[in-house]
Amino acid sequence: MYRVALIVLSDRAASGERLDECIPVMRERLGGVYSVVSDAVMPDDAAALQAELIAICDEGRADLVLTSGGTGLSPRDRTPQATAAVLDYEVPGIAEAIRMVSYEHAKTAMLSRALAGVRHRTLIVNLPGSPRAVAESLDVVLPVLPHALELLADRSEHN
């Protein structure tokens, strides 16, 4: 079973102004294959996100980190910058696949700046901030995640 950390970036949800609806969608889509080891709703704060990603990855707490929100063009949307700052390397195909499929549902998907990449042996994937888009995005990436995580854990025949 793979360990996953879930992080939602939303000023309004973090302040209690609105209820987060993305973590429940992530949990539902992940099903029984993944063990959610932590979840957090944080404000759109790049420094705080960087610190959280570094802690999760460097302490080996999760095999996968899924973030939701903060990937658009708003000045407060800093998730891609915070993620890029901590990555060892990007895995661009994941974000490209999400954008490609999401574009079929919403033309604004082309505005997403979401990233995916690796820090140490942890895969980090930025997802959009709406529950519907989170579900659609996970439907795209879930089929390849076990293989990716096996490669990162050095448990694949390809290593």
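Scroll up for the structure.
Residues numbered from 1 in each chain as written. Predicted model: local features only at pLDDT ≥ 70, side-chain atom pairs only at ≥ 80, totals over all residues. Heavy atoms only, no water.

Q: Which residues make up helix α2 (residues 22-30), and what values go with them?
A: The complete set of buried residues in α2 reads Cys 22, Ile 23, Val 25, Met 26 and Leu 30. Buried residues of α2 fall within an arc of 160 degrees about the axis and therefore sit on the same side. Looking at the buried side of α2, the elements it contacts are β1 (2-9), β2 (34-42), β3 (64-68), β6 (122-127) and α6 (131-141). Looking one or two places after α2, you find Gly 31, whose phi comes out positive at around 55 degrees. (Buried < 20%, exposed > 50% of the residue type's maximum accessible area, 1.4 Å probe, protein only. Helix = DSSP H or I, 4+ residues; strand = E, 2+ residues; numbered from the N terminus. Arc of directions from axis to C-beta. Contact = heavy atoms within 4.5 Å.)

Q: Pulling in residues and values, what's your account of the nonpolar core?
A: By size, the foremost hydrophobic cluster in this structure holds 27 residues, and its most contacted members are Met 26, Tyr 34, Leu 64, Leu 66, Leu 123 and Val 125. Mapped by element, the contributors of at least two residues to this core are β1, α2, β3, α5 (92-105), β5 (116-119), β6, α6 and α7 (145-152). With five residues, the single largest contributor to this core is α2. Ignoring anything within four residues of it in the chain, the contact list for Leu 66 reads Val 4, Ala 5, Leu 6, Ile 7, Met 26, Leu 30, Val 125, Leu 127 and Leu 138. (Core = buried A, V, L, I, M, F, W, Y, C linked by side-chain atoms within 4.5 Å.)

Q: Break down the sheet that holds β5 for me, citing the residues and quoting the values.
A: In spatial order, the strands read β2-β1-β3-β6-β5-β4; together these six strands make up an open sheet with mixed pairing. Edge positions in the open sheet fall to β2 and β4 (89-90), since each of these has one partner strand only. Bridging between β4 and β5 involves two bridges; their strand directions are antiparallel. Residue pairing for β5: Tyr 89 is matched across the bridge by Val 118. Docked against the sheet, α7 engages β1, β2, β3, β4, β5 and β6, running at close to 145 degrees with respect to β6. (Pairing = 2+ DSSP bridges. Axes fitted to C-alpha atoms, helices over the stretch in contact; angles between N-to-C directions.)

Q: How would you sum up the packing of aromatic side chains? Please name residues and give values.
A: Inspection of the entire model under this criterion finds one aromatic pair. Ring geometry for Tyr 2 versus Tyr 34: centroids 5.7 Å apart, planes at 40 degrees, classification tilted. One end of the pair, Tyr 2, is in strand β1; the other, Tyr 34, is in strand β2, with 32 residues separating them in the sequence. Directly above the aromatic system of Tyr 103 lies the positively charged group of Lys 107, at a separation of 4.2 Å from the ring centroid. (Phe/Tyr/Trp six-rings, centres within 6.5 Å; stacked < 30°, edge-to-face > 60°. Lys NZ or Arg CZ within 6 Å of the ring centre and 35° of its normal.)

Q: Please set out the pairing of β1 residue by residue, giving values where relevant.
A: Buried residues dominate β1, accounting for seven of its eight residues. Note: β1 against β2, eight bridges, orientation parallel. Bridge pairing links Val 8 to Val 41 in β2. Where β1 meets β3, five bridges bridge the pair, whose relative direction is parallel. Across the sheet, residue Ile 7 finds its bridge partner in β3, namely Thr 67.

Q: Could you give me a rundown of the packing of α2 against α6, with the residues and numbers involved?
A: Packing of α2 against α6 brings their axes to within 9 Å, and their N-to-C directions diverge by 25 degrees. The orientation of α2 with respect to α6, classified from their angle, is roughly parallel. Handedness of the α2/α6 crossing: right-handed. Contacts between α2 and α6 involve Cys 22, Val 25, Met 26 and Arg 29 from the first element and Pro 131, Val 134, Ala 135, Leu 138 and Asp 139 from the second. Residues of the contact of α2 with α6, tallied by class, amount to seven nonpolar, no polar and two charged. (Parallel < 35°, antiparallel > 145°, perpendicular 65-115°, else oblique. Left-handed = near helix turned anticlockwise from the far one by under 90°. Nonpolar A, V, L, I, M, F, W, Y, C, P; charged D, E, K, R; others polar.)

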